[in-house]
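# Observations on the model geometry
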Amino acid sequence: MIGYWISFSVLALAFLVGPLYMRHIAFKNPTVEITPKVRKHANWFTIKLIVFYELCDLFYMSCFIDNIVCKYIFGGAAMIIIFVNLSAAFTFPKDKRSFIEKFGMIQDFIVGIGFTIYLIYIISDENIKEIVIPIIAAVYGGLITLVGVSWTFKKSDKDRREDEIKKSRPIFSYNMLRKEPTVENVVQKLCMSDTLEKDIYACEVFVELENSNLSMFEIKRIHHDNNWVVCEGNTVVLPGDKCLLNFRFSNNPQYIILETEDILKIKYYFQLKVLNIPGAKSSSGKLLHTVREIKQLAAEEMMALINEEPKNRYEL
């Protein structure tokens, strides 16, 4: 019996120190940003681990002292925690679970089944056992039904979200302008970068953007010469509308990137490949350019393109 009590004490200490040490190691991870929300979640998760494992240890104690009342008290409390954890874990998005959460879900399911079988097995009264078995079966059946319904709802929400993203995605074309538009013949909206008054840029670009009838979008920024420049003027392009885009740059025309934002606040990036109009200059004396190709970029491709650009920054 002394050996049982020693093992019980060692496990109780290990189940207390172990989760606290895991929490300490997680907070030391330099790749994780410890926000108040993350800290609160970690503290709550640590408390749940300690309580659950200590209840399992107490259930172990009730087994070697052979106290049926303690078995049902500690085993039942552990079962409640297991059911709550499984209900939350099964309904949580699968792609957002960490390895520890996935392991904990499997552990809870196996331990829960084991507790259920044992607690039903030790019921001495056959009449009570016949009543308990259908109740437990209904609880497990309800849990499985809850999981199925939750996954169905989440799948529907995900499909609806993806459909909204597809419908809101900016789809537009462009018209090359081989000469600078004048005030008299500009009938569409004008969007320009806020560096138009700067003389450090040697080239000036004019292009007409023509939006589809599917969605609206907003022109946010243009990247050139190692710098992001905010756009101003008529930045919102309505469905079926046209917009005259005007900006300047000096070097590395292959690194010009346009940033747009749809109605869902999702950002999209496009590489603007420009074409020099031979012998033509703008009214401000800059080399006249227009856009010859627009290529959509993923966020990772955009960052890779910016990172490979030669560092020759122009201070504004």
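The structure this text deals with has already been given above.
Here goes a summary of the coordinates provided. (Residues numbered from 1 in each chain as written. Predicted model: local features only at pLDDT ≥ 70, side-chain atom pairs only at ≥ 80, totals over all residues. Heavy atoms only, no water.)

## Considering the nonpolar core
Judged by nonpolar contacts, the single largest core of 22 residues is most densely connected at Ile219, Leu245, Phe247 and Leu258. Those elements that place two or more of their residues in this core are strand E3 (203–211), strand E4 (217–224), strand E7 (242–249) and strand E9 (267–281). In contact with Leu258, not counting residues within four places along its chain, are Phe172, Leu209, Ile219, Arg221, Ile222, Leu245, Tyr268, Tyr269, Phe270 and Leu272. Counting 21 residues, the second-largest nonpolar core is a separate cluster that includes Met79, Ile81, Ile82 and Phe115. (Core = buried A, V, L, I, M, F, W, Y, C linked by side-chain atoms within 4.5 Å. Buried < 20%, exposed > 50% of the residue type's maximum accessible area, 1.4 Å probe, protein only. Helix = DSSP H or I, 4+ residues; strand = E, 2+ residues; numbered from the N terminus. Contact = heavy atoms within 4.5 Å.)

## Digging into helix H6 (residues 299–308)
Given 3.6 residues per helical turn, the α-helix brings residues three or four places apart onto the same face. Taken residue by residue, H6 has Met302, Leu305 and Ile306 as its buried positions. Viewed end-on, H6 has its buried residues packed into an arc of 95°, placing them on one side of the element. For H6, the exposed residues set more than 90 degrees away from the buried face come down to Glu300 and Asn307. In the core, the buried residues of H6 are packed alongside E4, strand E5 (227–233), strand E8 (257–262), E9 and strand E10 (287–297). (Arc of directions from axis to C-beta.)

## Structural notes on the side chain of Glu54
By secondary structure assignment, the location of Glu54 is in helix H2 (residues 36–64). Among buried charged residues, Glu54 stands out as having no salt bridge; its nearest opposite-charge side chain is Arg23, 16 Å away. Contact partners of Glu54, with chain neighbours within four places excluded, come to Ala12, Phe15 and Leu16. (Lys, Arg positive; Asp, Glu negative; His and termini not counted. Salt bridge = Lys/Arg side-chain N within 4 Å of Asp/Glu carboxyl O.)

## Observations regarding helix H1 (residues 2–27)
In this model H1 runs 38 Å from its N-terminal to its C-terminal C-alpha over 26 residues, within 8% of the 38 Å that 1.5 Å per residue would give. Phe8, Ala12, Pro19 and Phe27 are the residues of H1 that are buried. Close packing links the buried residues of H1 with H2. (Expected span 1.5 Å × (residues − 1).)

## Things to note about a nonpolar patch on the surface
A cluster of nonpolar side chains, namely Leu13, Leu16, Val17, Leu20, Tyr21 and Ile25, defines an oily patch on the protein surface of about 580 Å² accessible area. Locating Ile25 in the fold gives a position in helix H1. (Patch = residues over 30% accessible without salt bridge, like charges linked within 9 Å, V, L, I, M, F, W, Y side chains within 5 Å. Areas by Shrake-Rupley, 256 points an atom, 1.4 Å probe, with all protein chains shown as cover.)

## Here's the deal with the packing of H1 against H2
Packing of H1 against H2 leaves a shortest axis separation of 10 Å and a crossing angle of 170°. Viewed along their axes, H1 and H2 adopt a mutual orientation that is roughly antiparallel. Here the contact of H1 with H2 is composed, by residue class, of 18 nonpolar, three polar and four charged. (Axes fitted to C-alpha atoms, helices over the stretch in contact; angles between N-to-C directions. Parallel < 35°, antiparallel > 145°, perpendicular 65-115°, else oblique. Nonpolar A, V, L, I, M, F, W, Y, C, P; charged D, E, K, R; others polar.)

## Quick look at the pattern of salt bridges
A side chain with one charge can pair with a side chain of the opposite charge if their charged atoms come near. Applying the stated rule across the entire model yields 13 salt bridges. Between Asp163 and Lys167 there is a salt bridge, with its nearest N and O atoms 3.3 Å apart. Of this pair, Asp163 and Lys167 both sit in helix H5 (residues 126–168), four residues apart, which is roughly one turn of the helix. For Lys167, a relative accessible area of 56% corresponds to the exposed category. Ionic pairing is found between Glu204 and Arg248, a salt bridge with its closest N-O pair at 3.6 Å.

## Here we look at unusual backbone geometry
Despite not being glycine, Asp66 shows a phi value in the positive range, around 55°. Positionally, Asp66 belongs in the loop between H2 and helix H3 (68–91). At Lys265, a position not held by glycine, the phi torsion is positive, near 65°. Within the element layout of this structure, Lys265 appears in the loop between E8 and E9.

## With respect to the pairing of E3
Each regular strand displays side chains that alternate between the two surfaces of the sheet. The element E3 is extensively covered by neighbouring structure, given that eight of its nine residues are classed as buried. Sheet analysis places strand E1 (residues 172–176) next to E3, joined by five bridges and oriented antiparallel. Opposite Met176, over in E3, you have Val207 as the bridge partner. Pairing geometry for E3 and E10, over three bridges, is parallel. Looking at the pairing, Glu204 lines up with Leu288 of E10. Relative to E7, E3 is paired through eight bridges, and the arrangement is antiparallel. (Pairing = 2+ DSSP bridges.)

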